[in-house]
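Here's the letter readout for the chains.
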Amino acid sequence: MATIELKNVFKKYENGFEAVKDFNLEIADKEFIIFVGPSGCGKSTTLRMIAGLEDITSGDLMIDGVRMNDVEPKDRDIAMVFQNYALYPHMTVAENMGFALKLKKTPKEEIKAKVDEAAKILNLETLLDRKPAQLSGGQRQRVAMGRAIVRNPKVFLMDEPLSNLDAKLRVQMRTEISKLHQRLGNTIIYVTHDQTEAMTLGTRIVVMKDGVIQQCDTPKNLYNHPDNMFVAGFIGSPQMNFVECDVVVKDGEVCLSYAGNTLKVPADRVAALKKGGYIGKKVMMGIRPENIHDKEHSLKEYADVITANVSVYELVGSEVYLYFELGKSNMIARVNPNTSARVGSSVELYVDAEAIHLFDLETERVIR
C-alpha cells in the first residue's frame, strides 16, 4: 500500500492562473480521503498532479517517501477511475478490465484469474462477454473500477466517478465503493463536489476553495466544528443558517441581538467573545436547521423562542423543512413532520443556543 505527502504544492498555468496554492497534506496508508469543494476549486487538478497527468509548478509529491514529481504516470503504481468511464467500446468487459495487464505482457492465465477475481468482487461475472454499449451506467462504472482493481495499485484515484449516475445508482455505488475499500484496504483519494458523498465515504475530508485547503478533518469534526463560514455552509444539507447579530450585555448576561430577538450566549462562547473583544460589536451566528425546533413538537424546552412566518413548506418523508425570513436572512428549520405549520402561517420556533457557531464578520473564521 502507500503513504502520500504533498509539500507546498502549487499549480500555476501559463496565463498566470493559480489553480492550487500551497497545498500541504499527509495521507496515511489505507486511508480513504476525499477532496471536496465547488467547481473550479482545484480538487481535480490536485488529483491529476498526483497521477502525473499535470505537472507540479513547485513543491513536492512523495509516495512512500520517494519524490514523484518527475516520475512518469505509468511508473507511479497508481490507478485512476474517471467520471466518463473511459472504456474501449470495441472490447468486451473482460478485455477492458485486463487491458493494462495485457500491455505489460502479463501471462493470459494470470490476467484471467485477476479479471475473474475483480468481477466477483464487483458482481460482474455474468457480464464479462458484453461490450460497454450493452451495459447500464452503473455497470460501466463497475467495469472501470474493475480495470483499476486488477492492477492492484498502491493508490486508487477517483475523479467524480458517480457524477454521471442517477440518484438511486449513486447511493448504491457509494455503498459498493465503501465495501471495496474495506475489502481491499488500498489508499483511495476521491474527488467530488457532492458533500453527501464526501460525508458518507471519507475517513478524512479536505475541503477546498479557490485552490486553498479550508479545512481537513473527519466528517464528524467538519460538521460539528467548522473552521470558517465557507466550511460551515458547504458541509451539511440543508446548509447552515447565518444571521448577523450584535453582541450585547443585557441584565449582566452576554447575549446576541438579531431581528428583534435576543439569544443568551452559552458560557464557553461568552469566554471566546470576551477574549476576542467582540462585546459591543457585530458577529455572524450560524445555526443548523436541525437545531431550530418547532415549539409545538419539541421534546425539550428552550429559553429562546422566535416567531416566524412560513414562506415555503417542504415535506421530505420523515421530516419537514420550513423556510422563513429572519430580518435580512433566509432561514430553514428542519422540524417534526406532524407540524401544523403551513405556508403563510405563523410558527413559534425554539433556537438551541448550545448549538450555535459564531464567526468573525471580516475574516469569516470561527470564534473559539
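Residues numbered from 1 in each chain as written. Predicted model: local features only at pLDDT ≥ 70, side-chain atom pairs only at ≥ 80, totals over all residues. Heavy atoms only, no water.

Draft legend 1. Looking closely at the environment of Ser-318. By the element assignment, Ser-318 lies in the loop between β16 (305–315) and β17 (320–326). Of the residues examined, Ser-318 reaches a relative accessible area of 61% and is grouped as exposed. Considered as a pair, Ser-318 and Val-335 are 17 residues apart in the sequence and their alpha carbons are 9.4 Å apart. (Helix = DSSP H or I, 4+ residues; strand = E, 2+ residues; numbered from the N terminus. Buried < 20%, exposed > 50% of the residue type's maximum accessible area, 1.4 Å probe, protein only.)

Draft legend 2. Structural context of the pairing of β17. Most of β17 is tucked away, with 5 of its 7 residues classed as buried. Sheet topology note: the β16/β17 ladder contains 5 bridges and is antiparallel. By the bridge assignment for β17, Leu-315 is matched with Val-320. Between the end of β16 and the start of β17, which pair antiparallel, lie 4 residues, with Gly-317 showing a positive phi angle near 80°. Alignment of β17 against strand β18 (residues 329–335), held across 7 bridges, turns out to be antiparallel. The residue bridging Leu-322 from the neighbouring strand is Ala-333, located in β18. The loop that links β17 with its antiparallel partner β18 comprises 2 residues; one of these, Gly-327, has a positive phi angle of about 65°. (Pairing = 2+ DSSP bridges.)

Draft legend 3. Inspection of the packing of aromatic side chains at higher detail. Overall, the coordinates contain 6 aromatic pairs when judged by the stated rule. Measuring from ring centre to ring centre gives 6.0 Å for Phe-242 and Phe-359, while their planes differ by 65°; the resulting arrangement is edge-to-face. Pair noted here: Phe-242 is in strand β11 (residues 241–250) and Phe-359 is in strand β20 (residues 357–359), with a separation of 117 residues, a long-range link. Both residues of the pair, Phe-242 and Phe-359, belong to the buried class. Seen in terms of ring centroids, Tyr-302 and Tyr-350 are 5.7 Å apart; in terms of plane orientation they differ by 55°. Their pairing is tilted. Residue Tyr-302 is located in the loop between β15 (292–294) and β16, and its partner Tyr-350 is located in strand β19 (residues 346–351); the two are separated by 48 residues in the primary sequence. The ring of Tyr-13 carries Lys-11 above its face, with NZ or CZ at 4.9 Å from the centroid. (Phe/Tyr/Trp six-rings, centres within 6.5 Å; stacked < 30°, edge-to-face > 60°. Lys NZ or Arg CZ within 6 Å of the ring centre and 35° of its normal.)

Draft legend 4. Summary view of the packing of helix α2 (residues 93–103) against helix α4 (residues 137–149). Relative orientation of the contacting elements α2 and α4 amounts to 35°, with a least axis distance of 7 Å. In this structure, α2 crosses over α4, and the sense of that crossing is right-handed. Facing Val-93, Asn-96 and Met-97 of α2, the residues of α4 in contact are Val-143, Gly-146 and Arg-147. Considered class by class, the residues forming the contact of α2 with α4 number 3 nonpolar, 2 polar and 1 charged. (Axes fitted to C-alpha atoms, helices over the stretch in contact; angles between N-to-C directions. Left-handed = near helix turned anticlockwise from the far one by under 90°. Contact = heavy atoms within 4.5 Å. Nonpolar A, V, L, I, M, F, W, Y, C, P; charged D, E, K, R; others polar.)

Draft legend 5. Just the pattern of salt bridges, in detail. Within the structure shown, the criterion is met by 16 salt bridges. Glu-54 is the partner of Arg-48 in a salt bridge, and the nearest nitrogen-oxygen pair spans 3.7 Å. For Arg-48, a relative accessible area of 29% corresponds to the partly exposed category. Asp-246 serves as the salt-bridge partner of Lys-282, at 2.9 Å between the closest nitrogen and oxygen. One end of the pair, Lys-282, is in strand β14 (residues 282–287); the other, Asp-246, is in strand β11, with 36 residues separating them in the sequence. Owing to a relative accessible area of 42%, Lys-282 belongs among the partly exposed residues under this scheme. Linked by salt bridges that have partners in common, Lys-11, Arg-48 and Glu-54 make up one network. (Salt bridge = Lys/Arg side-chain N within 4 Å of Asp/Glu carboxyl O.)

Draft legend 6. Local environment of helix α9 (residues 267–275). Listed as buried for α9 are Arg-269, Val-270, Ala-272 and Leu-273. Seen along its axis, α9 keeps its buried residues to an arc of 165°; they face one direction. Along α9, exposed side chains directed more than 90 degrees from the buried face belong to Ala-267, Lys-274 and Lys-275. Buried residues along α9 sit against β11, β12 (253–258), β14 and β20. (Arc of directions from axis to C-beta.)

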